[in-house]
Amino acid sequence: MYIQNINNSFNYELEKLCRIFLPFEKIIFTNEKPQDDIYAVTKLEQQNGKTVVSAYLNMNSKEARYEASLLDNCNNYERECERLLATQLFLCFRELTGYVSEWGILTGVRPAKLFSSICKSSGEDVAKEEFCKNFLVSQEKISLCNETHKSEEKIIEKSTADSFSLYISVPFCPTRCSYCSFVSHSVEKSQKLIPLYVEKLIEEIRLTANIAKRNKLALKTVYIGGGTPTTLSHQEISRVMAAISDNFDLSGVLEYTVEAGRPDTITEEKLRAILLGGATRISINPQTMSDSVLENIGRRHTAEQTVDAYNLARQVGFNNINMDLIAGLPGDTFEGFCDTLEKIIALKPENVTVHTLSFKRASNLTQNGGSQISDDTAKMVRYARKELTDNGILPYYMYRQSKTVGNLENVGYAKRGFEGLYNVYIMDETHTILGCGASAVTKMRQPHGDYIERVFNYKYPYEYINNFEEMVARKAKIDEFYAKYGH
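Overview of the structure. (Residues numbered from 1 in each chain as written. Predicted model: local features only at pLDDT ≥ 70, side-chain atom pairs only at ≥ 80, totals over all residues. Heavy atoms only, no water.)

**So, the overall build of the protein chain**
Then step 1. What the protein chain contains, in helices and strands, is 18 helices and 18 strands.
Then step 2. Radius of gyration (C-alpha) of the protein chain: 24 Å, near the 23 Å computed for a compact globule of 487 residues.
Then step 3. Considering only C-alpha atoms, the protein chain reaches an extent of 70 × 55 × 45 Å along its principal axes.
Then step 4. Per-residue burial over the protein chain gives 56% buried out of 487 residues.
Then step 5. Summed over its atoms, the accessible surface of the protein chain is roughly 21200 Å², and 47% of this surface lies on carbon and sulfur atoms.
Then step 6. Taking the 57 positively charged and 62 negatively charged side chains of the protein chain as two groups, their mean positions are separated by 2 Å. (Helix = DSSP H or I, 4+ residues; strand = E, 2+ residues; numbered from the N terminus. Rg over C-alpha atoms; globule rule 2.2 N^0.38 Å. Buried < 20%, exposed > 50% of the residue type's maximum accessible area, 1.4 Å probe, protein only. Areas by Shrake-Rupley, 256 points an atom, 1.4 Å probe, with all protein chains shown as cover. Lys, Arg positive; Asp, Glu negative; His and termini not counted. Charge placed at Lys NZ, Arg CZ, Asp CG, Glu CD.)

**Side note on the packing of helix α5 (residues 139–156) against helix α14 (residues 377–390)**
Then step 1. The N-to-C vectors of α5 and α14 enclose an angle of 45 degrees; their axes lie 13 Å apart at closest approach. One way to sum up the angle between α5 and α14 is to call them oblique. At the point where α5 passes α14, the crossing takes the left-handed sense. Residues E140, K141, S143, L144 and E147 of α5 form the contact with α14, whose own contacting residues are V381, R382 and R385.
Then step 2. When the residues that make up the contact of α5 with α14 are grouped by side-chain class, the tally is two nonpolar, one polar and five charged. (Axes fitted to C-alpha atoms, helices over the stretch in contact; angles between N-to-C directions. Parallel < 35°, antiparallel > 145°, perpendicular 65-115°, else oblique. Left-handed = near helix turned anticlockwise from the far one by under 90°. Contact = heavy atoms within 4.5 Å. Nonpolar A, V, L, I, M, F, W, Y, C, P; charged D, E, K, R; others polar.)

**Some details on the packing of aromatic side chains**
Then step 1. For the structure shown, the criterion picks out 21 aromatic pairs.
Then step 2. Taking 6.3 Å as the distance between ring centres and 40 degrees as the angle between the ring planes, the aromatic pair formed by F164 and F248 counts as tilted. With F164 in strand β6 (residues 163–170) and F248 in the loop between α8 (234–247) and β10 (255–261), the pair connects residues that are 84 residues apart, well separated along the chain.
Then step 3. Centroid distance Y397 to Y399: 5.9 Å. Interplanar angle 25 degrees. Geometry classified as stacked. The exposure classification of Y397 matches that of Y399, with both residues buried.
Then step 4. An aromatic cluster of at least three residues, connected via ring pairs, comprises F21, F90, F93 and Y99.
Then step 5. The cationic tip of K379 hangs over the ring face of F334; the distance from NZ or CZ to the ring centre is 4.4 Å.
Then step 6. Cation over ring: R474 sits above Y458, and NZ or CZ is 4.4 Å from the ring centre. (Phe/Tyr/Trp six-rings, centres within 6.5 Å; stacked < 30°, edge-to-face > 60°. Lys NZ or Arg CZ within 6 Å of the ring centre and 35° of its normal.)

**Section: the environment of T267**
Then step 1. Within the secondary structure layout, T267 lies in the loop between β10 and α9 (268–276).
Then step 2. Residues T267 and H234, 33 residues apart in the sequence, show an inter-C-alpha distance of 8.5 Å.
Then step 3. Side-chain polar atoms of T267 contact the backbone nitrogen of K270, separated by 3.1 Å. (Polar contact = N/O pair within 3.5 Å; in protein donor to acceptor, adjacent residues only side chain to side chain.)

**Details of the nonpolar core**
Then step 1. The biggest cluster of nonpolar side chains holds 123 residues, and the ones touching the most others in it are M1, F93 and L166.
Then step 2. By residue number, the principal contributor to this core is helix α2 (residues 77–97), which donates eleven residues.
Then step 3. Those residues in contact with M1 that sit more than four places away from it in its chain are C18, L22, E25, K26, I27, I28, D36, I38, Y39, A40, L57 and F93.
Then step 4. Counting residues in each nonpolar core, the second largest holds ten residues, with Y397, Y399, Y425 and M427 among its members. (Core = buried A, V, L, I, M, F, W, Y, C linked by side-chain atoms within 4.5 Å.)

**Quick notes on the side chain of N58**
Then step 1. Position of N58 among the secondary structure elements: in strand β4 (residues 50–59).
Then step 2. You can call N58 buried: its relative accessible area is 9%.
Then step 3. Looking at N58, its side chain comes within polar contact range of the main-chain nitrogen of S61, at 3.0 Å.

**Description of the pattern of salt bridges**
Opposite charge on two side chains allows them to pair when their charged atoms are near.
Then step 1. Scanning the entire structure with this criterion turns up 27 salt bridges.
Then step 2. E409 is the partner of K141 in a salt bridge, and the nearest nitrogen-oxygen pair spans 2.8 Å. Of the two residues, K141 sits in helix α5 while E409 sits in the loop between β14 (394–399) and β15 (410–414), which places them 268 residues apart along the sequence.
Then step 3. On the basis of relative accessibility, which here comes to 2%, the residue K141 falls in the buried class. (Salt bridge = Lys/Arg side-chain N within 4 Å of Asp/Glu carboxyl O.)

**As for the side chain of R281**
Then step 1. Relative to the helices and strands, R281 is located in strand β11 (residues 281–284).
Then step 2. Buried and unpaired, R281 has E255 as its nearest opposite-charge partner, separated by 4.3 Å.
Then step 3. The residues touching R281, leaving out its near neighbours within four places in the chain, are Y223, E255, Y256, T257, V258, N320, N322, N351, Y396, G420 and N423.

Below, the structure written as structure tokens:
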């Protein structure tokens, strides 16, 4: 697809909007009149104190054109021009494709954060009206935003100026799922890296704890993720968790999560190591309870193993368990998803996270052309909200990814008092996250401000190991950041 912008440079926002309708189309901006089966022309034209905003779209010889205008002296002129231009192009796409996005022209990751911001400045009624009229969001998604933002606010209030969270990355998995684009390695290919990786990770944990102490930071949540942390042996899990408890002050920690993840990696020894290590919350992530769908996505476990792992976790003593599901998996149906949800609810977990399948460029599913997914996905997401809510498992956080099926969202549901705090803090960018391990990102949030600075670890385990000293040196930026901004 080609786009010609006349008198505007809103390339980034317009490209994201086009991705709602054409997620895999290559989008090229041009200064010349486009020559393609699909092309658009957007234009700003000033006329007698106002600006006319127009969009034209041609899709295989079918045409649509929309325009609107605004006063040249209106508040937030540039932002309004961008919004109106995106709206006109959105209307063109909607007319020619017949597809109605429930999120309207919103393309951002954190719609609830935007909703909350408007609520704080202008009130809930204005936020609802703006989402409806200015962003063309459906009433159902406005309701979801409102509910999640209220839950998120209560969690955000627990954070103070000196708060931080700790993220530990274990980027290994038993096998690579077809939809996955995370930097993770199958154990079959990387087993020999694990012992040295654990050594380096423990060293980085010690160094990071010293940085936190020097800067008088207060630890609120710990999250060990991946990958699948339970690909480590129970002895390795114990060593990593002991390094955390020996070096960080855990007295003020509100939540400690370990992703047990894949049921085929879970053993009683590992669960006991996690519990004794101080974890208060774990995830057991089936994604689906259909054995045929599990096979489609490259998982080497069964639904029965999921139930066995869950029951084992209960027997060991865990009283806060999250379970992840994915709507829109290849080979799944609406009826199949409903069956999965029914089986998960029957287990009575404290948390259920419902993701919408996202076609990441690096995933095997996308590269193998598996992008034709049933339109039932929106029905799955809608059904999940109703059934979970009816069972007292309520939405508490929400985010969106690019290239999701149906331009939909990911939602965390929880029983009251069991909300995943780290999930909110990382998504809202509430406070600093100190990251350890391959692919981890340290994200420093300015106390009493919105400025954010990042420090990136090396992505792959072999890079992390081979460049460890250089990577550690980067963390001097944390001391520099707090020397400048304090708390």
